[in-house]
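Each chain, written out:
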Amino acid sequence: MLVGRVEERGHVERLLEQASSGHSAALVVRGEAGIGKSALLDHAVASAHGMRVVRGVGIESEAELAFGALHLLLYPYLARLDLLPGPQAAALRGAFGLCGDTATNPFLIGAAVLTLLAELAVEKPLLCMVDDAQWLDRGSSDALLFATRRFHADRVAMLFAVRDTAVPFHTPGVDELRLPGLSSDSASELLDHRSPGLTAPTRARVLEEADGNPLALLELGAARLVAQREGRAELAHQVGPLPVTRRVQEKFRDQIVGLPEPSQSILLVAAADRFAGMDTVLRVGRAVGAGTSDLDAAERAGLISVTDGELAFRHPLVRAAAYQCATHHQRIAVHRAFAETLTAPDVLDRRAWHLAAATTEPDEAVAAELERTAQRAERRGGAMAVSAAYDRAGRLSVDPELKARRIAKAALAAYDAGKPDRAARLAVEVTALTTEPGVLAEATLLRGQIEYERTSPEADATLASEAARLVMASDPARAVVMLTEMICASRDAGALHLVAEGGRLMGELRLRPESRLRASAEAQVSWGDLLAGRPENAAAPLRAVLDASRAGDAEFVHRIVAGFSGLMLAEETTTIAVMETLLADVRASGALTWIPYAQEIIALAHALRGHFRTAEACLAEAVALSTEFGMELEVAVLRATSVWLAAATGDEPRCRALAAEVLPVLEGRHAVGTALTSWGLGLLDLAAGRYRDAFDALYTVCVGPAKYDFLIRAVPDLVEAAIRNGDPAQCAEQFEAFERWAVHVASPVATALLRRCQAMLEDSEEHYRAALDLHSAHGGPFDQAKTQLLYGEWLRRRRRRSEARAELDAARTRFQRLGASTWEARATSELTALGERPTLEPMADDPLRRLTPQEVQVVRLAATGLSNKEIGAQLFLSPRTIGHHLYRAYPKLGVTRRIELAQLGLG
């Protein structure tokens, strides 16, 4: 009986209607124990007419079993795994232990859950519900929430009930509904219906103590009614508040303690392992002196029900009470009995945890069992289960070095599971447990990676340096990884002394000539030269690592090094190709945490090339994933590129709002991101004719710690601002550095920008024409349009009207197609000064400008010939959602068939 809750019932019913109509919906119902969350889920089931219902539950004692809850939830549908893309099906089979020891990826598991539930929803709308979600194992909860956030156009409703506990269960990106206590009228109605006949004082006391909690009303009302009938009405006059949940649980404890001891024992057995079937419960029960008949008393008391050979507790609080009211000795005996009973190969993880629960002092045999459990969980992709198993194995280890190694692995797994605080605590503990260099180095590196987001990239670099020094002699390959962390973090921070020091240490490593790490190591050594203003020593190694990465066989981190090296060389076309290959590999492997870093580089390259809409689509995905993974600093860095894009397109309100949002996060922490934001603000002022403000902003970029990074490309804008301010000498030093860079990197893009600067400074038509020839041959519509604008202005001042008109009109048209409104207005103003009245072609703009970032991604992939299922596998969306995006994109692009996308040149 669901009394009251009119609003809440309406909310759930609307959720079901929305899903049934083809618009995915999700809701998290939160509240204290007994507040009615499960009853609301029951109402959802009763209201889910014509829907398939998939229902699961979290159990506190099983939160360490990787993907256990997910397996139980999806078990009836495992025969459909062949409908999934191959890597996803393999990942889910691996997570459930249905195939060999192939390692899998947690994000591929999440994608598999998404695709499987979407497939189920094709036949009929689907309601997927999880009660007590706060007790799901981390692998299961991550996979379900990953899928939930990506349903859009599927007939799927996701419903989670979450109890308030000491450890919060976060569900970012999902709507929430908090259940308050029942109103006075509803509470009275429920109490009078279930416990009629209470005296007025007792009734008032129950209503006061229950405070609107339905379970408390039921249990306290029933207990007081029994007491009243037995002449113990003095209970109504007890004083002293207790939390409602604890009060109800005490009532359950009283009921359990009142049972015969064998009945208490069989309840303890059932409470200790939810995965145990009735036969296992009875076998373990016999080992502790209880049998089948001892369930009868608990069933008569209404604490459990036994239906079709399945035992179920009346409420999760009953299970908790059955376990907690037992003595420590009794619990150990039950866990030991489980360990002796569970011997089959498919239950070894449960056996290990029961052994651990029965062990109170170091025991290497048990620790080794748990380590094997951790290794199996590693292959399945359950990072939090890995961390828990290694941690407990460490605590039970006899040998101090084994303890340190195991806890170090627990720390790394916690970091992979998105638990940086736990990871940091364990990593610090490791440093006090061992002096072994390799273990200390890994723990120190991990601490640095955590500090990157927590404090600053420079803190990360300092710790990574400490880690690398520990293993330089013994493990040069591992030292390369640690020094790469140091150099990349130092570069982000603008800590050039650390970049140089990292390069020096990298140069001391003894790497084999044929080592695939060599090109990356040499490139990072050269970063020190380039970022110190010595491009003559850097260009060749940077180009070598970029070229070496074309094959796509280097580790992800070294391809990221190649990508940034490409930006430093102004080689955007090659950089995009290398990063697109990396992105495809990352998607295929399910290593989603790499996507933001790859997309950061791709977005920057497209932005600098003038492909603004494509850059925005890359940033949208990268920001969404970084936000989901809690990467606050990376989000700010990505939004710095958005500041630049907003400036380039003339969206001043967005540009300034984004800058105000990211600068407090970036300043003093991330020099490159700060400089990119300032470049954007300077570019905005330059386009609007605020030349003094533009010079001030651009000057901070061109003299700051990131001045020789790819940010050196702000110098042409600085030169223009200085000239328009009437003082080109202000930028002389910066131009000299830019000229030196452009000459030595020798890329066509860099040379074109150099010729533009020379044209402005020397008032030279020859340089303008040379720059435009290079722009025309090597692409880059934004830079080409800016040079055409400057050249057109130069021609107008010399009264060469027809030539000026041609250049200005070409610049205006390009700006218009790019959506660069402020720059377009400048070109229009120049044309007006010539006496022209420019008109724009109605369809001259980039067709991608009419699409959302998600639609851009989808249509570009569809234009390459991929199916909806293949696109969904790449973007971690359902095929139906892909179809929905295409349906919305077609009319915007003026096409009616998929084949026409290829003809638009969007791929």
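Keep in mind that this is a model prediction, so the values were computed, not measured.

## Some words on the overall build of the chain
Right, on to step 1. Scanning the chain for helices and strands turns up 45 helices and seven strands.
Right, on to step 2. Along the three orthogonal principal directions, the C-alpha set of the chain runs to about 110 × 65 × 55 Å.
Right, on to step 3. Relative to its 907 residues, the chain shows a buried fraction of 57%.
Right, on to step 4. Counting only contacts in the chain whose residues sit at least 6 apart along the sequence, the fraction spanning at least 24 positions is 69%.
Right, on to step 5. Carbon and sulfur atoms make up 51% of the accessible area of the chain, which amounts to about 36100 Å² in all.
Right, on to step 6. If the 101 positive side-chain charges of the chain are averaged to one point and the 117 negative ones to another, these points end up 2 Å apart.

## Description of the confidence of the model for the chain
Right, on to step 1. Per-residue confidence for the chain gives a mean pLDDT of 91, with 96% of residues at or over 70.
Right, on to step 2. Within the chain, no element has a lower average pLDDT than helix 10 (residues 244-257), which sits at 81, and none a higher one than helix 33 (residues 671-687), at 98.

## Looking at the pattern of salt bridges
Right, on to step 1. Considering all chains together, one arrives at 66 salt bridges under this definition.
Right, on to step 2. Across the pair R372 and E369 runs a salt bridge whose closest N-O atoms are separated by 3.9 Å. Within this pair, R372 and its partner E369 are both found in helix 17 (residues 364-380), separated by three residues, close to a single helical turn.
Right, on to step 3. Residues joined in a network through salt bridges with shared partners are D391, R395, R422 and E429.

## Some thoughts on the nonpolar core
Here is a general trend for soluble globular proteins: nonpolar side chains tend to be buried in one another's company.
Right, on to step 1. Counting residues in hydrophobic clusters, the biggest one holds 227 residues, and the most contacted among them are L70, L92, W644 and F782.
Right, on to step 2. Every residue in contact with W644, bar those within four places of it in the chain, is listed here: A607, L608, F612, L676, W679, G680, L683 and F782.

## Let's talk about the side chain of T649
Right, on to step 1. Mapped onto the elements of the fold, T649 is located in the loop between helix 31 (632-648) and helix 32 (652-666).
Right, on to step 2. Judged by relative accessible area, which is 15%, T649 ranks as buried.
Right, on to step 3. Beyond its immediate sequence surroundings of up to four residues, T649 is in contact with F612, L818, G819, A820, S821 and T822.

## Some points on unusual backbone geometry
Right, on to step 1. Notably, R5 is not glycine yet its phi reads approximately 60 degrees, a positive angle.
Right, on to step 2. Relative to the elements of secondary structure, R5 occurs in the segment before helix 1 (6-20).
Right, on to step 3. A relative accessible area of 9% means that R5 is categorised as buried.
Right, on to step 4. Even without a glycine there, the phi angle at R799 is positive, about 60 degrees.

## Section: the sheet that holds strand 2 (residues 52-57)
Right, on to step 1. Strands sit in the order 2-3-4-1-5 across an open sheet of five strands; the sheet is parallel. Bordering the open sheet on either side are strand 2 and strand 5 (176-178), each of which pairs with just one other strand. Strand-to-strand, the axes of this sheet are offset by a mean angle of 15 degrees, without reference to chain direction.
Right, on to step 2. As paired elements, strand 1 (residues 25-31) and strand 5 share three bridges and run parallel to each other. Bridging from a neighbouring strand, R30 pairs with R178 of strand 5.

## Describing the state of the cysteines
Disulfides are covalent bonds that link the sulfur atoms of two cysteine residues.
Right, on to step 1. All chains considered together, the criterion is met by zero disulfides.
Right, on to step 2. C731 takes part in no disulfide bond, and the closest cysteine sulfur to it belongs to C757, at a distance of 7.9 Å.
Right, on to step 3. You can call C731 buried: its relative accessible area is 1%.

## Here we look at the packing of aromatic side chains
Right, on to step 1. Under the defined criterion, the tally for this structure stands at 17 aromatic pairs.
Right, on to step 2. Ring geometry for F738 against W741: centres 5.3 Å apart, planes inclined by 45 degrees, an arrangement best described as tilted. One end of the pair, F738, and the other, W741, are both in helix 36 (residues 732-745), three residues apart, so they sit about a helical turn from each other. Assigned by exposure class, F738 and W741 land together as buried.
Right, on to step 3. Arranged with centres 6.2 Å apart and planes meeting at 55 degrees, the rings of Y768 and W794 form a pair that is tilted. Here Y768 is found in helix 38 (residues 765-778), whereas its partner W794 is found in helix 39 (residues 781-797), with 26 residues between them in sequence.

## Comments concerning the environment of Q788
Right, on to step 1. One can find Q788 in helix 39.
Right, on to step 2. For Q788, a relative accessible area of 7% puts it in the buried group.
Right, on to step 3. Along the backbone, Q788 and R769 are 19 residues apart, and their C-alpha atoms lie at a distance of 9.3 Å.
Right, on to step 4. Sequence-distant contacts of Q788, that is, excluding residues within four places in its chain, are made with L772, E807, A810, A811 and R814.

## Examining the pairing of strand 2
Right, on to step 1. Only one face of strand 2 is covered, namely the face carrying R52, V54 and G56; the face carrying V53, R55 and V57 is uncovered.
Right, on to step 2. As paired elements, strand 2 and strand 3 (residues 126-131) share six bridges and run parallel to each other. Within strand 3, the position partnered with V53 by the bridge is L127.

## What about helix 28 (residues 572-589)?
Right, on to step 1. Taking 1.5 Å of rise per residue, 18 residues should cover 26 Å, and helix 28 covers 25 Å from first to last C-alpha, within 8% of that figure.
Right, on to step 2. All buried positions along helix 28 are accounted for by E572, T574, T575, I576, V578, M579, L582, L583, V586 and R587.
Right, on to step 3. Just downstream of helix 28, G590 is the residue with a positive phi angle, here 80 degrees.

## Concerning the environment of R283
Right, on to step 1. By secondary structure assignment, the location of R283 is in helix 12 (residues 278-287).
Right, on to step 2. For R283 and A624, which are 341 residues apart along the polypeptide, the C-alpha to C-alpha distance reads 50 Å.

## Points about the packing of helix 42 (residues 853-863) against helix 43 (residues 868-875)
Right, on to step 1. Look at helix 42 against helix 43: their axes get within 10 Å of each other, and the N-to-C directions meet at 130 degrees. When the axes of helix 42 and helix 43 are compared, the pair comes out oblique. The hand of the helix 42/helix 43 crossing is right-handed. Side by side, helix 42 and helix 43 meet where Q854, Q857, V858, L861 and A862 of the first sit next to I871, Q874 and L875 of the second.

Analysis parameters
- Residues numbered from 1 in each chain as written.
- Predicted model: local features only at pLDDT ≥ 70, side-chain atom pairs only at ≥ 80, totals over all residues.
- Heavy atoms only, no water.
- Helix = DSSP H or I, 4+ residues; strand = E, 2+ residues; numbered from the N terminus.
- Buried < 20%, exposed > 50% of the residue type's maximum accessible area, 1.4 Å probe, protein only.
- Contact = heavy atoms within 4.5 Å.
- Areas by Shrake-Rupley, 256 points an atom, 1.4 Å probe, with all protein chains shown as cover.
- Lys, Arg positive; Asp, Glu negative; His and termini not counted.
- Charge placed at Lys NZ, Arg CZ, Asp CG, Glu CD.
- pLDDT = per-residue confidence, 0-100.
- Salt bridge = Lys/Arg side-chain N within 4 Å of Asp/Glu carboxyl O.
- Core = buried A, V, L, I, M, F, W, Y, C linked by side-chain atoms within 4.5 Å.
- Pairing = 2+ DSSP bridges.
- Axes fitted to C-alpha atoms, helices over the stretch in contact; angles between N-to-C directions.
- Disulfide = S-S within 2.5 Å.
- Phe/Tyr/Trp six-rings, centres within 6.5 Å; stacked < 30°, edge-to-face > 60°.
- Expected span 1.5 Å × (residues − 1).
- Parallel < 35°, antiparallel > 145°, perpendicular 65-115°, else oblique.
- Left-handed = near helix turned anticlockwise from the far one by under 90°.

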